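Residue-level listing of the chains:
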Amino acid sequence: MDADPTQLRGLAAAQPAPAGYRPVAIGAAPPDIAQRDGCWTLRASTALGAYPRRLTDRLVSGAQAHPDRWLVARRGPDGAWIGISYAQMLERARAIGQALLDRGLSAERPVAILSGNDLEHLQVAFGALWAGIPYAPLSPAYSLVSSDYGKLRHALALLTPGLVFAADGDAFRAALDATVPPDVERVVVSAADGMRGVTRFASLLDTAPGSVDAAHDAITGDTIAKFLFTSGSTRLPKAVPTTHRMLCSNQQMLLETFPQFGIEPPVLVDWLPWNHTFGGSHNVGIALYNGGTLYIDDGKPVTGKFDETLRNLREIAPTVYFNVPKGWEELTAALETDAALRATFFSRVKMYFFAGAGLSQAAWDRLERVTLAHCGERIRIMAGLGMTEAAPSCMFTTGPMSGAGYIGLPAPGCDAKLVPIDGKLEARFRGPNVMAGYWRASGDDAREVFDDEGYYRSGDAVRFVDPRRPEIGLMFDGRIAEDFKLSTGTFVSVGPMRARIVSNGAPYVQDAVVTGMNRDDVGAMIFPRVDDCRRLAGAGPDADVRAVLQAPAVRAFFADLLQRLNRDATGSATFITRLCLLDTPPSLDLGEITDKGSINQRAVLTQRAAVIEAMYARDAADAGVIVAGAARGA
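Since the model is a prediction, treat every value here as computed from it, not as a measurement.

Participant: Mind laying out the overall build of the protein, listing which residues take part and the relevant values?
Facilitator: Counting its regular elements, the protein contains 22 helices and 29 strands. For 634 residues, the compact-globule estimate of 2.2 N^0.38 gives 26 Å, and the protein sits close to it at 25 Å. Considered along the principal axes of its C-alpha atoms, the protein spans approximately 85 × 65 × 55 Å. Each of the 634 residues in the protein was classed as buried or not, and the buried ones make up 55%. When the accessible area of the protein is evaluated, it comes to approximately 25,100 Å², of which 50% is carbon and sulfur surface. Each charge class in the protein was averaged separately, 64 positive and 70 negative side chains, and the resulting centres sit 0 Å apart.

Participant: Requested: an account of the sheet that holds strand β29 (residues 626–627), with residues and values cited.
Facilitator: Overall, mixed pairing links the four strands, which are arranged β26-β27-β28-β29 in an open sheet. Taken across any chain shown, the strands that pair with only one partner, and hence form the sheet edges, are β26 (509–515) and β29. Summarising the sheet, β26 and strand β27 (residues 522–528) pair through six bridges and their orientation is antiparallel. What sits directly across from Ala-512, in β27, is Ile-526.

Participant: Run through the packing of helix α12 (residues 306–315) against helix α13 (residues 325–337), naming residues and quoting values.
Facilitator: Geometry of a packed helix pair, given as the angle between the helix axes and the separation of the axes. Their axes nearest at 11 Å, the elements α12 and α13 cross at an angle of 60°. What the angle tells us is that α12 and α13 run oblique. Two packed elements cross with a definite hand, and for α12 against α13 that hand is right-handed. Contacts between α12 and α13 involve Phe-306, Leu-310 and Leu-313 on the former and, on the latter, Gly-327, Glu-330, Leu-331 and Ala-334. Within the contact of α12 with α13, the residues separate by chemical class into five nonpolar, one polar and one charged.

Participant: Residues and numbers for the packing of aromatic side chains, please.
Facilitator: Under the counting rule described, the total for this entry stands at 21 aromatic pairs. In this structure an aromatic cluster arises from ring pairing among Phe-258, Phe-261, Phe-278, Phe-322, Phe-353 and Phe-396. Over the ring of Tyr-289 we find Arg-58; its NZ or CZ atom is 5.1 Å from the centre of that ring. One Lys or Arg, Arg-519, reaches over the ring of Tyr-616 and ends 4.6 Å from the middle of that ring.

Participant: Give me the nonpolar core: which residues, what numbers.
Facilitator: Ranked by internal contacts, the top residues of the largest apolar core, which has 92 residues, are Leu-59, Val-111, Phe-126, Phe-258, Leu-418 and Phe-429. It is helix α3 (residues 119–131) that provides the largest number of residues to this core, a total of nine residues. Grouped together as the second largest cluster of nonpolar side chains are 29 residues, Val-267, Tyr-295, Trp-364 and Leu-367 included.

Participant: Can you explain the sheet that holds strand β15 (residues 351–354)? Please cite residues and give values.
Facilitator: Pairing within the open sheet is parallel, and its three strands lie in the order β14-β15-β16. Every other strand in the sheet has two partners, leaving β14 (320–323) and β16 (380–382) as the edge strands with one partner each. Averaged over all adjacent pairs, the angle separating strand axes in this sheet is 20°, with direction ignored. Judged from the four bridges that link them, β14 and β15 form a sheet pairing that is parallel. Residue pairing in the sheet places Phe-322 in a bridge with Phe-353 of β15. Helix α11 (residues 277–289) contacts β14 and β15 of the sheet and is inclined by roughly 175° relative to β14. Along the sheet, α13 contacts β14 and β15; its crossing angle with β14, the most-contacted strand, is approximately 120°.

Participant: So what's going on with unusual backbone geometry? Which residues, and what values?
Facilitator: Cis geometry marks the peptide bond from Ala-391 to Pro-392, where omega comes out at -5°. The residue Pro-392 is located in the loop between β17 (384–386) and β18 (393–396) in this model. Of note, the bond from Ala-506 into Pro-507 is cis; its omega dihedral lies within 30 degrees of zero at 5°. Along the chain, the position of Pro-507 falls in the loop between α17 (494–504) and β26. In this structure, Asp-37 takes a positive phi of about 55° despite not being glycine. Topologically, Asp-37 is positioned in the loop between β1 (31–36) and β2 (39–44). Exposure remark for Asp-37: the relative accessible area of 71% places this residue in the exposed category. We note that Tyr-149 has phi near 55°; this positive angle belongs to a residue other than glycine. You can see Tyr-149 is positioned in the loop between α4 (141–144) and α5 (150–159).

Participant: Explain helix α2 (residues 86–102) to me, using residue names and the numbers behind them.
Facilitator: The terminal C-alpha atoms of α2 lie 24 Å apart, and with 17 residues this matches the ideal 24 Å at 1.5 Å per residue to within 8%. For α2, the full list of buried residues reads Tyr-86, Met-89, Leu-90, Ala-93, Ala-95, Ile-96, Gly-97, Gln-98, Ala-99 and Leu-100.

Participant: Kindly report on the pairing of strand β8 (residues 185–190), identifying the contributing residues and their values.
Facilitator: Bridge count between strand β7 (residues 163–168) and β8: five bridges; the pairing is parallel. The partner of Val-164 across the bridge, within β8, is Arg-186. You can see the chain leave β7, run along helix α6 (residues 173–179) and come back into β8, and the turn it takes is right-handed. Here β8 runs beside strand β9 (residues 199–200); their pairing, made up of two bridges, is parallel. When the sheet's bridge partners are listed, Val-188 is paired in β9 with Arg-200.

The rules behind these values
- Residues numbered from 1 in each chain as written.
- Predicted model: local features only at pLDDT ≥ 70, side-chain atom pairs only at ≥ 80, totals over all residues.
- Heavy atoms only, no water.
- Helix = DSSP H or I, 4+ residues; strand = E, 2+ residues; numbered from the N terminus.
- Rg over C-alpha atoms; globule rule 2.2 N^0.38 Å.
- Buried < 20%, exposed > 50% of the residue type's maximum accessible area, 1.4 Å probe, protein only.
- Areas by Shrake-Rupley, 256 points an atom, 1.4 Å probe, with all protein chains shown as cover.
- Lys, Arg positive; Asp, Glu negative; His and termini not counted.
- Charge placed at Lys NZ, Arg CZ, Asp CG, Glu CD.
- Pairing = 2+ DSSP bridges.
- Axes fitted to C-alpha atoms, helices over the stretch in contact; angles between N-to-C directions.
- Parallel < 35°, antiparallel > 145°, perpendicular 65-115°, else oblique.
- Left-handed = near helix turned anticlockwise from the far one by under 90°.
- Contact = heavy atoms within 4.5 Å.
- Nonpolar A, V, L, I, M, F, W, Y, C, P; charged D, E, K, R; others polar.
- Phe/Tyr/Trp six-rings, centres within 6.5 Å; stacked < 30°, edge-to-face > 60°.
- Lys NZ or Arg CZ within 6 Å of the ring centre and 35° of its normal.
- Core = buried A, V, L, I, M, F, W, Y, C linked by side-chain atoms within 4.5 Å.
- Expected span 1.5 Å × (residues − 1).
- Right-handed = clockwise from strand over helix to strand, strands pointing away.

What follows is the structure in structure tokens.
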């Protein structure tokens, strides 16, 4: 057992495996629940155990206890796995950390990482962590997908980095040239011929450690480990200063929730991007904190890329597997037909875990069926609720039930408060894993983040599974606002999309409601301006609405509108795959529209659930839905 015994408090209270399930150690601390002034508070009945002062302390202990074990590995150009051991990562972190320290970097001049998951990225990250210098992993899409680099410019302006790293200098050259000031150093692993003014990554590794160990000793729990950017669903992304205390306390919460991590070093095969908190803080942290190994998966649950994930899973058997719902759906389908995949994947996996969006009950049931049929026993499917601002985990499904939508109970050390807002309960959180505030925020961004008791306002709505038995735990109940996530975990920004539809659809669109929550792609229900559509169709003022909306001229306009809306789409969050023209107006009585004429998106989605199901059916086009085709990759 590699973990410190003082960190395995949850083992004593681990749940026995339910009948028919593969044994796995999962914590079972009952919640303390109270109600006051219309609000509920929930917390674990056991206090959080001790955790390290610095995340890098687990790198040191790993290098001492199992120096030759791989911490991380990735396939090389020849397909063979290339690994970096705990001892090697410690040595390289000290060298890179010294190089960064020599450049005078700090929280005011951090390291920005533009490229995605790879071995060099993680070495730069550990070097920064060792030196006490924050780093900021940015979405590669900011550089490679965006046409105007708007979010990249915003992020770099907010961070004011002193060094920018991008593994492939040629691929990132345009973004670097367009956004990085000439006095900011650029570090690359490889560069095309003629690319000047860059530092080679290898030169950082050649730096001899000197004062960096003293800098490491000076790191406290309040030292910023990294900046992570929010999704920017309603406005430009915000930077979350993620401290060592936030990361370490959250990993201890995870260990006490899942003592299995301390019994068997976790082996992860994972594609989830490190610029997101699920992949970069949660999953990388689980491997490091518990002496495990993370195999970088260069696949992704999108067309043309999932075969690489299957290749890796045929070869490497994970002990716990993480993915977004879309990934689970793709994997389930493959497991049904691929015997070699089943043999490896089922050999030692103890838990399934999804996040990023909700797993539908149909997908859940199918996964359980294929597992039982080919594994002979069921495997726990776990989920929870987390966010970038909480490093990320707040709640886990450790309560006495399981199923789609269930998010469970608070993790040890994280207090939850449920506050009534607009007929729902907003979940708010407080604990050592929760940030102190956004980086360089001011005005409303700074004031609206926390309530008067210091709880972070998550904006997530929850409800009790059974209000008469709150100890069972909570169900996810959507966002207080209207934004949502696709099944891939991609966030969809509803407000700007609705505005584009109305603007581009003038004069034939009254309003639109965006669909796609926990589905593969985005759609829109259109409330048409019926009189204008009648004129477009050449119909009289009393013409039947359904007939008008099926008129060739009307259909042609909306088909063209869909094409125009998608011309500038940059991914699945902005690509609209289908339009449904509604032949009944929004109802004031049902709350679909206010007396001021504003559409209530949540009410429309609830009242017209059957319409949405028909929109996403296989025969949707035959039923009159205007379909653009498959959504672009996230």
